[in-house]
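Listed here are the chains, written in short residue letters.
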Amino acid sequence: MRLMSERQNGQTYEQLATHYLENAAKNFRRLKESADRAAAQVDDEGFFRLIDDESNSIALVFKHLSGNLRSRWTDFLTTDGDKPDRRRDSEFVVEEGDTRSALAERWEAGWQTLFDTLASLRPEDLLATVRIRGQGHTVVEAVNRQLAHYGEHVGQIVLLAKHVAGRRWQTLSIARGQSEAFNAEMDKKHGRS
């Protein structure tokens, strides 16, 4: 087995770290795009609709994620990810002033904070320790934690939007019964046929 020189090893780590950060940003963007495309398919009433007493509406998931995004990604490397001014429980209650446009504004600001923070991270930051509710995580662990968390909530948004839109729903991925045609098109596009 050939051993890499220290220089090659450093370049490999830097390349991997850079790739990881770019890939994480790409996956966060995909999640946001799915949520945005799903929410766009419902009217304001549907945006705030609860399907039962224990569920969240799309509006409340937007509100919760907005609070989480702001808290986790503001001063990411230097302060706890659960900011003292965050009122998490209020994220699950529609309050006065929680209009669709106001929630959308917070949503966009929260995501922008995430993307700005990711863009500012350097390869050497990946193994730094950040805190969430006092618990230490490497940057990689914290990023992965948020990818999983946001994925769960985006899935909720998509399910709620699909439920509310009903027959008007336009799929965000491959339509039912269209997998073979889609795969054939991808094979053609990528020269596999």
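Not measured: the values here are computed from a predicted model.

**Q** Help me out: how do you make sense of the packing of helix α3 (residues 58-73) against helix α5 (residues 139-165) in this one?
**A** To describe two helices that pack against each other, one gives the angle between their axes and the distance between the axes. Across the interface, α3 lies against α5 with an axial gap of 10 Å and an inter-helix angle of 165°. When the axes of α3 and α5 are compared, the pair comes out roughly antiparallel. The interaxial crossing formed by α3 with α5 has left-handed handedness. Contacts between α3 and α5 involve Ile58, Val61, Phe62, His64, Leu65, Asn68, Leu69, Arg72 and Trp73 from the first element and Val143, Arg145, Gln146, His149, Tyr150, His153, Gln156, Ile157, Leu160 and Ala161 from the second.

**Q** For this particular structure, what's the right way to read the side chain of Ser71?
**A** Position of Ser71 relative to the elements: it lies in helix α3. Judged by its relative accessible area of 0%, Ser71 is buried. From its side chain, Ser71 meets the backbone oxygen of Gly81 in a polar contact 2.7 Å long. The residues touching Ser71, leaving out its near neighbours within four places in the chain, are Asp80, Gly81, Asp82, Lys83 and Arg86.

**Q** Whenever I open this one, the pattern of salt bridges confuses me. Can you help?
**A** Counting across every chain of the model gives 15 salt bridges. Salt-bridge contacts for Lys32 lead to Asp36; the nearest nitrogen and oxygen are separated by 2.5 Å. Placement of both Lys32 and Asp36 in helix α1 (residues 6-39) is noted, with a separation of 4 residues, approximately one turn of the helix. You can call Lys32 buried: its relative accessible area is 11%. Put simply, Arg72 and Asp82 hold a salt bridge, and the shortest N to O gap is 3.5 Å. Note that Arg72 is positioned in helix α3 and Asp82 in the loop between α3 and α4 (100-120), a separation of 10 residues in sequence.

**Q** I'm lost on the confidence of the model for the protein chain in this one. Help?
**A** The predicted coordinates of low-pLDDT regions are not to be read in fine detail. In the predicted model, the protein chain carries a mean pLDDT of 90, and 90% of its residues have values of at least 70. Contacts of residues 1-6 to residues separated by more than four positions or lying in other chains number 3 contacts, the stretch itself having pLDDT below 50.

**Q** Could you clarify how one ought to interpret the pairing of strand β1 (residues 129-132) in this entry?
**A** Within a regular beta strand, the side chains point alternately toward one face of the sheet and then the other, so they alternate between its two faces. Side chains Val130 and Ile132 of β1 all project onto a buried face; the interleaved residues Thr129 and Arg131 project onto a face where none is buried. Across 4 bridges, the pairing between β1 and strand β2 (residues 135-138) is antiparallel. When the sheet's bridge partners are listed, Thr129 is paired in β2 with Thr138. Between the end of β1 and the start of β2, which pair antiparallel, lie 2 residues, with Arg133 showing a positive phi angle near 55°.

Definitions and cut-offs
Residues numbered from 1 in each chain as written. Predicted model: local features only at pLDDT ≥ 70, side-chain atom pairs only at ≥ 80, totals over all residues. Heavy atoms only, no water. Axes fitted to C-alpha atoms, helices over the stretch in contact; angles between N-to-C directions. Helix = DSSP H or I, 4+ residues; strand = E, 2+ residues; numbered from the N terminus. Parallel < 35°, antiparallel > 145°, perpendicular 65-115°, else oblique. Left-handed = near helix turned anticlockwise from the far one by under 90°. Contact = heavy atoms within 4.5 Å. Buried < 20%, exposed > 50% of the residue type's maximum accessible area, 1.4 Å probe, protein only. Polar contact = N/O pair within 3.5 Å; in protein donor to acceptor, adjacent residues only side chain to side chain. Salt bridge = Lys/Arg side-chain N within 4 Å of Asp/Glu carboxyl O. pLDDT = per-residue confidence, 0-100. Pairing = 2+ DSSP bridges.

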